[in-house]
Amino acid sequence: MMNQTLGSRIAELRRKKNMTQEELAAELGVTPQAVSKWENDLSCPDITLLPQLARLFGVTTDELLGNQNQPETALLPEEQRKPIKDMILRVIVNSHEGDKVRVNLPMSLVQVGIKMGMQMPEVAGSGAAEAMKSIDIEQILRLVEQGVIGKLVEVESAEGDIVEVYVE
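Everything numeric here is computed off the predicted structure, so don't read it as measured data.

Caption draft 1: Main features of the environment of Leu13. Locating Leu13 in the fold gives a position in helix H1 (residues 6-16). C-alpha separation for the pair Leu13 and Ala54, spaced 41 residues apart in sequence, amounts to 9.5 Å.

Caption draft 2: Structural context of the sheet that holds strand S3 (residues 100-106). With antiparallel pairing, five strands are arranged side by side in an open sheet as S1-S4-S5-S2-S3. Sheet topology places strand S1 (73-75) and S3 at the edges, where each strand pairs with a single neighbour. Neighbour to neighbour, the strand axes of the sheet diverge by 15° on average, direction disregarded. Where strand S4 (residues 148-156) and strand S5 (residues 162-167) come together, six bridges link them in antiparallel fashion. By the bridge assignment for S5, Val153 is matched with Val165. Along the sheet, helix H6 (residues 107-115) contacts strand S2 (88-94), S3 and S5; its crossing angle with S3, the most-contacted strand, is approximately 90°. Across the sheet, helix H8 (residues 137-145) is in contact with S2, S4 and S5; its angle to S4 comes to roughly 155°.

Caption draft 3: The arrangement of the pairing of S5 in detail. The buried fraction of S5 amounts to five of the six residues, a majority that puts the element mostly inside the structure. Linkage of S4 to S5, two consecutive antiparallel strands, is achieved through a turn of five residues, within which Gly160 is found at a positive phi near 100°.

Caption draft 4: Region of interest: unusual backbone geometry. Phi at Asn18 takes a positive value of approximately 55°, unusual for a residue other than glycine. Following the sequence through the fold, Asn18 ends up in the loop between H1 and helix H2 (21-28). With a relative accessible area of 68%, Asn18 lands in the exposed category. Notably, Asp41 is not glycine yet its phi reads approximately 55°, a positive angle. For Asp41, the position within the fold is in the loop between helix H3 (32-39) and helix H4 (50-57).

Caption draft 5: Up close: the side chain of Arg14. Residue placement: Arg14 occurs in helix H1. Residue class for Arg14 comes out buried when judged on its relative accessible area of 9%. A polar contact is formed between the side chain of Arg14 and the backbone oxygen of Met19, at a distance of 2.8 Å. For Arg14, the residues in contact, after removing those within four places along its chain, are Met19, Thr20, Gln21, Leu24, Glu39 and Phe57.

Caption draft 6: Quick peek at the side chain of Asp161. Structurally, Asp161 is set in the loop between S4 and S5. Buried within the structure, Asp161 lacks any salt-bridge partner; its nearest side chain of opposite charge belongs to Arg102, at an N-O separation of 11 Å. Among the polar contacts made by the side chain of Asp161, one reaches the main-chain amide nitrogen of His96 at a distance of 2.6 Å.

Caption draft 7: Quick peek at the pairing of S2. Taken together, the seven bridges between S2 and S3 define a ladder with antiparallel strand orientation. Bridge pairing in S3 places Val91 opposite Val103. Strand direction decides the pairing type here: S2 and S5, joined by six bridges, are antiparallel. By the bridge assignment for S5, Asn94 is matched with Ile162.

The rules behind the values
Residues numbered from 1 in each chain as written. Predicted model: local features only at pLDDT ≥ 70, side-chain atom pairs only at ≥ 80, totals over all residues. Heavy atoms only, no water. Helix = DSSP H or I, 4+ residues; strand = E, 2+ residues; numbered from the N terminus. Pairing = 2+ DSSP bridges. Axes fitted to C-alpha atoms, helices over the stretch in contact; angles between N-to-C directions. Contact = heavy atoms within 4.5 Å. Buried < 20%, exposed > 50% of the residue type's maximum accessible area, 1.4 Å probe, protein only. Polar contact = N/O pair within 3.5 Å; in protein donor to acceptor, adjacent residues only side chain to side chain. Lys, Arg positive; Asp, Glu negative; His and termini not counted. Salt bridge = Lys/Arg side-chain N within 4 Å of Asp/Glu carboxyl O.

What follows is the structure, encoded as structure tokens:
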């Protein structure tokens, strides 16, 4: 919901509540046309309605406005999980020397690599190589299979190299 407009967030939240535009309008004391304009991004609700909208939808005003940061790591219920074949492992390395490495691998390829005995890739010429050796890719796969997504690992070496591992 973070990259949506306010109007599309209102529409999505309204639908999740199984409400019509008319029902939402009646609840807020506005016209159905006003709700339609909000949802089509032709206008915005009056600022005094935002707390009422948030309460009605069971979100914070920050979430309603799209300012709420999503948790870095989440445990998804089984019905919300994607198949592992549709997921991506992202490894981000920022060295203290200014080098940047970005690796994006399909999780299905990671599964095959683990079966073949592969380990985390090494970054030549970087203090991050030592940090990456300590990352257990099999444990990451087990977490993903249990429904954990987001930032799974963040390691900072003594030299200031940063390695982050995400699954999306």
